[in-house]
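Chain and residue survey
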Amino acid sequence: MDYLAYFHFLGSMPDTQVLRTGLSAQLLEQKKHTIATIGLMGSGKTSHGKLLAQKIGYDFKDTDDEIVAKEQRSISDIFAQDGEAHFRELERNELASGFNSLNPTLLSCGGGIVTHEENRKVLNDNSLVVWLFATPQAIIARTNIQKRPLLQVANPEQKLAEIYEERKGMYAETADIVFSTEKKMKEKNTDFIIQELKHIGLCKQ
Ligand code: S3P
């Protein structure tokens with residue numbers, strides 16, 4: 001097994017026992033009804049998530065879209081009118097109700113969902129968590145930052161780099177698998193993800 005990526009992201013070597021037992025058959029059975037995509041805003045959670053869901057026959061759900069539909073206002077308006085803490089509360093409630101679908105579902109999660117400890121546990125217990133990783137530089141170059149309330153600052157790239165530093169351990173702690181979306185080639189990337197899902201017995205086609 002190659003632990004270099006783990007070391008690169010987290011600066012220490014993993015507990016190999018935990019990794020080996022991490023996806024036992026029983027746990028996989030429990031998790032495979034929902035695949036959740038996590039990662040920084042702009043890492044491709046929605047675009048890759050939608051295509052992946054379509055390719056493997058899962059329903060698609062996005063926590064931000066669900067919140068917007070229920071609140072009848074945009075994420076930017078929620079942040080501006082009621083502040084981030086209120087948005088996090090809505091996000092926590094949304095996630096808590098996110099696993100009751102009868103159909104297998106791909107759940108695309110807002111980038112900050114992992115900042116709440118309870119959310120990390122809920123995701124980890126109930127879904128196969130796929131971390132989509134891209135560097136802040138790549139993301140800033142390709143993202144419409146107007147729609148991201150947290151990036152309305154003088155230096156959005158620096159802000160995103162700070163957010164990444166704060167969250168990388170949380171993404172790693174929550175994720176079962178990590179994929180690079182640094183090159184935004186969603187056809188190729190999703191095929192690669194499917195290959196891995198087949199490898200761990202989650203996906204048949
Ligand atoms: C946020 C990411 C956004 C959205 C909100 C906060 C974050 O979702 O939930 O603007 O804290 O990273 P996306 O990651 O889908 O853009």
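Up top is the structure.
The present account deals with the structure reproduced in this document. (Residues numbered from 1 in each chain as written. Predicted model: local features only at pLDDT ≥ 70, side-chain atom pairs only at ≥ 80, totals over all residues. Heavy atoms only, no water.)

This part is about the pattern of salt bridges. For the coordinates displayed, the defined rule picks out 12 salt bridges. Note that Asp-82 and Arg-73 form a salt bridge whose closest N and O atoms lie 2.6 Å from each other. You can call Arg-73 buried: its relative accessible area is 17%. A salt bridge links Glu-118 to Arg-92; the nearest nitrogen and oxygen atoms lie 3.2 Å apart. Here Arg-92 lies in helix 6 (residues 75–96) and Glu-118 lies in helix 7 (residues 117–126), a separation of 26 residues in the sequence. Through salt bridges with shared partners, a single network forms among Lys-55, Glu-187 and Asp-191. (Salt bridge = Lys/Arg side-chain N within 4 Å of Asp/Glu carboxyl O. Buried < 20%, exposed > 50% of the residue type's maximum accessible area, 1.4 Å probe, protein only. Helix = DSSP H or I, 4+ residues; strand = E, 2+ residues; numbered from the N terminus.)

The buried fraction of strand 1 (residues 34–38) amounts to 5 of the 5 residues, a majority that puts the element mostly inside the structure. What you see with strand 1 is no split at all: Thr-34, Ala-36 and Ile-38 on one side and Ile-35 and Thr-37 on the other are buried throughout. As defined by bridge partners, strand 1 adjoins strand 3 (residues 105–108) across 4 bridges and the pair is classed as parallel. Its bridge partner being in strand 3, Thr-34 is matched across the sheet by Thr-105. Here strand 1 runs beside strand 4 (residues 128–133); their pairing, made up of 4 bridges, is parallel. Pairing of Ile-35 across the sheet is with Leu-128, part of strand 4. (Pairing = 2+ DSSP bridges.)

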